[in-house]
Amino acid sequence: MRFLGHVVRFIVSALVLLVVGWIVPNFSVGGFWSALMLALVIALLGWIAEGIFGRKTTPFGRGIVGFLVSALVIWLAQFIVAGVSVSIIGAILAALVIGIIDLFLPVSTPFEAAK
């Protein structure tokens, strides 16, 4: 059952990224599979950043550093996932919109749930 919960979280994260791509200028996602891969890459990069710099650098640290690290992770993910195009401003706006959506619909990744 735990595996199914992780799959559902990634699907919801991908849907959120598709919505963000529709709302935020300079942030585009090619389709559902690109969004799903983007959700996975963002989770992995966020997990790595948290491992290196500590929990305060993640979006859940709720500080300006966490916000900027989230924008940087989103911007870097475009170079790994095909079909994704993000500008610096688009990454900052996407981090803001994702943070707002997360207030109403909290989605944790499998790496966060494992802790």
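Just so we're clear, the structure is a prediction, and the values are computed from it rather than from any experiment.

### Remarks on the UniProt feature "transmembrane region" (unreviewed entry) in the protein chain
Part 1 of the reasoning: Within this numbering scheme, the UniProt entry marks residues 7-24, 30-48, 60-80 and 86-105 as carrying the feature "transmembrane region" (unreviewed entry).
Part 2 of the reasoning: Taken end to end, residues 7-24 comprises 94% helix and 0% strand; its first and last C-alpha atoms sit 25 Å apart.

### A closer look at the packing of helix α3 (residues 64-77) against helix α4 (residues 88-104)
Part 1 of the reasoning: Packing of α3 against α4 leaves a shortest axis separation of 8 Å and a crossing angle of 120°. One element, α3, and the other, α4, form an angle in the oblique class. Here α3 runs over α4; the crossing is right-handed. Taking contact as the criterion, the partners of Phe67, Ser70, Ala71, Ile74 and Trp75 in α3 are, on α4, Ile88, Ala91, Ile92, Ala94, Ala95, Leu96 and Ile98.
Part 2 of the reasoning: Residue classes in the contact of α3 with α4 are distributed as eleven nonpolar, one polar and no charged.

### What about a nonpolar patch on the surface?
Part 1 of the reasoning: There is a patch of nonpolar side chains on the surface, built from Phe3, Leu4, Val7, Val8, Ile11, Leu15, Phe32 and Trp33 and spanning about 790 Å² of accessible area.
Part 2 of the reasoning: Counting residues per element, the ones that place at least two in the nonpolar patch are α1 (2-23) and α2 (32-53).
Part 3 of the reasoning: If one sorts the elements of the nonpolar patch by residue count, α1 sits on top with six residues.
Part 4 of the reasoning: Looking at the element boundaries, Val7 is found in helix α1.

About the cut-offs
- Residues numbered from 1 in each chain as written.
- Predicted model: local features only at pLDDT ≥ 70, side-chain atom pairs only at ≥ 80, totals over all residues.
- Heavy atoms only, no water.
- UniProt positions renumbered as here; feature names shortened; annotations may be inferred.
- Helix = DSSP H or I, 4+ residues; strand = E, 2+ residues; numbered from the N terminus.
- Axes fitted to C-alpha atoms, helices over the stretch in contact; angles between N-to-C directions.
- Parallel < 35°, antiparallel > 145°, perpendicular 65-115°, else oblique.
- Left-handed = near helix turned anticlockwise from the far one by under 90°.
- Contact = heavy atoms within 4.5 Å.
- Nonpolar A, V, L, I, M, F, W, Y, C, P; charged D, E, K, R; others polar.
- Patch = residues over 30% accessible without salt bridge, like charges linked within 9 Å, V, L, I, M, F, W, Y side chains within 5 Å.
- Areas by Shrake-Rupley, 256 points an atom, 1.4 Å probe, with all protein chains shown as cover.
- Salt bridge = Lys/Arg side-chain N within 4 Å of Asp/Glu carboxyl O.

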